[in-house]
Amino acid sequence: METYTTSYKQVDVEEKAYFIAIEGIEGVGKTTLAQQVAQYFHKHGREAKCSREPGGTAVAEEIRSLLKDPSQDIDSVTELLLMFASRSHHVSTVIRPALDSGITVISDRYVDASYAYQGAGRGIDDAIIDKLADIVCADTMPDYTILITCDPNVAMQRVIDRQEGIDRIEQEKMAFFESAQNKYLALSKKRPNYIIIDGEEPLEVVKSALDKKLKELIPL
């Protein structure tokens, strides 16, 4: 039987566990679409789990609370280091163990979020993020990254319409989110594993487009 070698272990093609990251700015529907990807695997009898960043573990969720707390005054470098501390724990205690056990992982954000937010948004040089990524993520990179795009004005209006309160990151100016999305788009031109979905369309249209892409790239 044909086998596939991953950075985690050698497995049969039919049993390959995928690592999929969902990226995009606030308000584009990442959480909903992450769940849809998991359901795609479930309906084909494959194990899959959703997680998120920052977060995914008890320790990382504590860091998430700090990062999102609007009362906290956090400088850019501290924010970056907290993100990677959260990510390190997430990788070592959730992502890698799941993949090694044959369970597909769908993460709402991953390392490219740092290039978009702390890099383009905060102005931290990519070379600094590269070093942290090499330490934390070098052997655990996504098979596919699904980028959900949307006009930042539309996306942030969705955030406001949720009436759930605006967190520290969501309080940023529109230029911050424009820079973040532009960085994502720049990364998509460098990374062949990117899948771009127009998140500005009605939800059912977005779901249909995503399902079509999944069937093309990961026929189960």
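Right above here is the structure, for reference.
These numbers were taken from a predicted model, which means no experiment stands behind them.

Asker: Sorry, what's going on with the packing of helix α4 (residues 111-121) against helix α5 (residues 126-137) here?
Answerer: Each packed pair of helices is defined by two parameters, the angle between the axes and the distance between the axes. Direction vectors running N to C along α4 and α5 enclose 155 degrees, while the axes themselves pass 10 Å from each other. Classed by the angle they form, the pair α4 and α5 counts as roughly antiparallel. Where α4 crosses over α5, the two elements pack in a sense that is right-handed. Note on element contacts: α5 touches α4 through Asp126, Ile129, Asp130, Ala133 and Cys137, opposite Val111, Ser114, Tyr115, Gln118 and Gly119.

Asker: Just to check I follow, could you spell out a negative patch on the surface for this structure?
Answerer: Among the surface-exposed residues, Asp151, Glu178, Asp198, Glu200 and Glu201 lie close enough to one another that they form a single negatively charged patch. Checked against the element boundaries, aspartate 198 lands in strand β7 (residues 194-198).

Asker: Whenever I open this one, the nonpolar core confuses me. Can you help?
Answerer: Across soluble globular proteins, nonpolar side chains have a tendency to be buried as a group. Among the nonpolar cores identified, the biggest contains 57 residues, and Ile20, Val37, Phe84, Tyr117 and Ile146 are the most heavily contacted of them. Among all residues touching phenylalanine 84, those that are not within four sequence positions of it are Val111, Ser114, Ile129, Leu132, Ala133, Val136 and Cys137.

Asker: Looking at this structure, I do not really get the sheet that holds strand β6 (residues 144-149). What am I missing?
Answerer: Backbone hydrogen bonds are what pair the strands of a sheet, in a parallel or an antiparallel way. Across the sheet, which stays open at both edges, the 5 strands sit in the order β4-β5-β3-β6-β7 with parallel pairing between neighbours. Sheet topology places β4 (48-52) and β7 at the edges, where each strand pairs with a single neighbour. Strand-to-strand, the axes of this sheet are offset by a mean angle of 20 degrees, without reference to chain direction. As paired strands, β6 and β7 are joined by 5 bridges and run parallel to one another. Directly across from threonine 149, in β7, lies its bridge partner aspartate 198. The strands touched by helix α3 (residues 76-100) within the sheet are β3 (19-23), β4 and β5 (104-108), with β4 carrying the most contacts at an inclination of about 165 degrees.

Asker: Hey, could you run me through the layout of surface pockets in this one?
Answerer: Where empty space is left in the structure can be found by rolling a water-sized probe over the atoms. In this model, the largest pocket occupies a volume close to 660 Å³. Surrounding the largest pocket, 29 residues form its lining, Glu26, Lys30, Arg64, Lys68 and Arg109 being those nearest its centre. The set of elements that each furnish at least two residues to the lining of the largest pocket consists of α1 (30-42), β4, α2 (58-68), α3 and α4. Per-element tally for the lining of the largest pocket: the top contributor is α1, with 4 residues. Classifying every residue of the lining of the largest pocket by side-chain character gives 9 nonpolar, 7 polar and 13 charged. Lining the second largest pocket are Gly27, Val28, Gly29, Thr32, Leu33, Arg158, Arg162, Gly199, Glu201, Pro202, Leu203 and Val206. Counting residues per element, the ones that place at least two in the lining of the second largest pocket are α1 and α8 (203-217). Split by residue class, the lining of the second largest pocket holds 5 nonpolar, 4 polar and 3 charged.

About the criteria used
Residues numbered from 1 in each chain as written. Predicted model: local features only at pLDDT ≥ 70, side-chain atom pairs only at ≥ 80, totals over all residues. Heavy atoms only, no water. Axes fitted to C-alpha atoms, helices over the stretch in contact; angles between N-to-C directions. Helix = DSSP H or I, 4+ residues; strand = E, 2+ residues; numbered from the N terminus. Parallel < 35°, antiparallel > 145°, perpendicular 65-115°, else oblique. Left-handed = near helix turned anticlockwise from the far one by under 90°. Contact = heavy atoms within 4.5 Å. Patch = residues over 30% accessible without salt bridge, like charges linked within 9 Å, V, L, I, M, F, W, Y side chains within 5 Å. Areas by Shrake-Rupley, 256 points an atom, 1.4 Å probe, with all protein chains shown as cover. Salt bridge = Lys/Arg side-chain N within 4 Å of Asp/Glu carboxyl O. Lys, Arg positive; Asp, Glu negative; His and termini not counted. Charge placed at Lys NZ, Arg CZ, Asp CG, Glu CD. Core = buried A, V, L, I, M, F, W, Y, C linked by side-chain atoms within 4.5 Å. Buried < 20%, exposed > 50% of the residue type's maximum accessible area, 1.4 Å probe, protein only. Pairing = 2+ DSSP bridges. 1 Å grid on protein atoms, 1.4 Å probe; cavity = no way out; pocket = protein on both sides within 12 Å on 5 of 7 lines; lining within 4 Å. Points joined across faces, edges and corners; volume = space filled by probe spheres on them. Nonpolar A, V, L, I, M, F, W, Y, C, P; charged D, E, K, R; others polar.

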